[in-house]
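# Per-entry structural report
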Amino acid sequence: FEVDSSSPEETVATGRMLGRMLGRGDVVGLSGDFGAGKTCFTRGIASGILGDDRLFVTSPSFVLLNRYEGRIPLFHFDCYRLKGMDEFLDAGFYDCVAEGTVVVEWADALPAALTDGFLSIRFTVQGEEKRRLTFQATTTPHAELLKAFRKELKDSSGVAGRVIGEPFRSNPRL
């Protein structure tokens, strides 16, 4: 399904709603152009997981990984400058998945075999502040999570982004 966000604040609020629903072992892969809202959305996820709206989340572009502590740890990877899969795996990706929630910016830089277990979100710039977020589940648990998330968004009374398009359908591969 797709969500339209008309401002950075709505993008953060949408991420916050999803963050409240994420748990240990969940992996969220984000893709889209520079400035499309990936880090802004991650701020929201961090707020939802960590319960702190004041937390300053930055893109870990120059360090590959940032870790934030909360009810469960949040691991924030940025694959834009990734030199290869060994670097990504050496950073402890699988350990991070076992310990907390993982958000991967520039997830499209990773091989498909690794991203099969991701909840995938593509960000598309629609205007100066407007963004379209396209959500896709690649596993049955993520499909169930997205169903619940879509309902939360529809019930949010405009606090977060607006759900558009067809009713949720899981990935036909499931």
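Residues numbered from 1 in each chain as written. Predicted model: local features only at pLDDT ≥ 70, side-chain atom pairs only at ≥ 80, totals over all residues. Heavy atoms only, no water.

## A short note on the packing of helix α1 (residues 8-21) against helix α6 (residues 140-154)
Any two packed helices are characterised by the angle at which their axes cross and by the distance between the axes. Rule in force here: Axis definition: a line fitted to C-alpha atoms, limited for helices to the stretch in contact. Angles are taken between N-to-C directions and run from 0 to 180 degrees. Secondary structure is summarised from DSSP: a helix means a run of H or I of at least four residues, a strand means a run of E of at least two, and numbering begins at the N terminus for each. Throughout, the term roughly parallel applies to angles under 35 degrees, roughly antiparallel to angles over 145, roughly perpendicular to angles from 65 to 115, and oblique to all others. Handedness of a crossing follows from how the near helix is turned relative to the far one, being left-handed for an anticlockwise turn of less than a right angle and right-handed for a clockwise one. Between two residues, a contact is recorded if the distance between any of their heavy atoms is within 4.5 Å. By the convention adopted, Pro, Cys, Tyr, Trp, Phe, Met, Ile, Leu, Val and Ala count as nonpolar, Lys, Arg, Asp and Glu as charged, and the other residues, Gly among them, as polar.
Two elements in contact, α1 and α6, have axes separated by 10 Å at closest approach and are oriented at 135°. Considering the angle they form, α1 stands oblique to α6. The two elements α1 and α6 cross, and the hand of that crossing is right-handed. The residues of α6 that touch α1, namely those facing Thr14, Met17, Leu18 and Met21, are Leu145, Ala148, Phe149, Glu152 and Leu153. For the contact of α1 with α6, the class distribution of residues is seven nonpolar, one polar and one charged.

## Thoughts on the pattern of salt bridges
Which entries qualify depends on this criterion: Salt bridges are identified by distance alone: a Lys or Arg side-chain nitrogen within 4 Å of an Asp or Glu carboxyl oxygen. Relative accessibility thresholds used throughout: buried, under 20% of the residue-type maximum; exposed, over 50%; partly exposed, between the two (1.4 Å probe, protein chains only).
Counting across every chain of the model gives seven salt bridges. A salt bridge links lysine 130 to aspartate 4, with the nearest nitrogen and oxygen atoms 4.0 Å apart. With lysine 130 in the loop between β6 (119-125) and β7 (131-137) and aspartate 4 in strand β1 (residues 2-5), the pair connects residues that are 126 residues apart, well separated along the chain. According to the relative accessible area criterion, lysine 130 is partly exposed, its value standing at 36%. Between aspartate 155 and lysine 151 there is a salt bridge; the shortest N-O distance is 2.8 Å.

## A short note on the environment of aspartate 108
Within the secondary structure layout, aspartate 108 lies in the loop between β5 (101-105) and α5 (112-115). Overall, the relative accessible area of 47% leaves aspartate 108 in the partly exposed class. In the structure, aspartate 108 is positioned 79 residues away from glycine 29 in sequence and 7.9 Å away in space, judged by C-alpha atoms. For aspartate 108, the contacting residues outside a window of four places in its chain are Ser31 and Arg122.

## Details of the pairing of strand β2 (residues 27-32)
Rules: Strands were regarded as paired on the criterion that DSSP finds at least two bridges between them.
The element β2 is largely enclosed, with a buried count of six among its six residues. Residues Val27, Gly29 and Ser31 point to one face of β2 and Val28, Leu30 and Gly32 to the other, with burial holding for every one of them. Pairing between β2 and β5: four bridges, direction parallel. What sits directly across from glycine 29, in β5, is valine 104. Two elements, β2 and β6, share five bridges in a ladder whose sense is parallel. By the bridge assignment, glycine 29 is partnered in β6 with serine 120.

## What to know about unusual backbone geometry
Although it is not a glycine, tryptophan 106 adopts a positive phi angle of roughly 60°. Secondary-structure assignment places tryptophan 106 in the loop between β5 and α5.

## What to know about the nonpolar core
Filter applied, for reference: Here, the term nonpolar core denotes a set of buried Ala, Val, Leu, Ile, Met, Phe, Trp, Tyr and Cys residues that are joined through side-chain atoms within 4.5 Å.
Leu18, Phe41, Ile45, Ile121 and Phe135 are the most contacted members of the largest nonpolar core, which totals 30 residues. Each residue touching isoleucine 45, except ones within four places of it in the same chain, is listed here: Gly15, Arg16, Leu18, Gly19, Leu22, Val28, Leu74 and Val103. Counting residues in each nonpolar core, the second largest holds 16 residues, with Phe75, Leu82, Phe93 and Val104 among its members.

## Description of the packing of α1 against helix α2 (residues 38-50)
Remark: α1 packs on α2, axes separated minimally by 6 Å, with the N-to-C direction vectors making an angle of 40°. Comparing the axis directions of α1 and α2 gives the class oblique. α1 and α2 meet at a crossing whose hand is right-handed. Counted together, Pro8, Thr11, Val12, Thr14, Gly15, Arg16, Leu18, Gly19 and Arg20 of α1 and Cys40, Phe41, Gly44, Ile45, Ser47, Gly48 and Ile49 of α2 form the full contact between these two elements.

That's the geometry; what it means functionally is another story.
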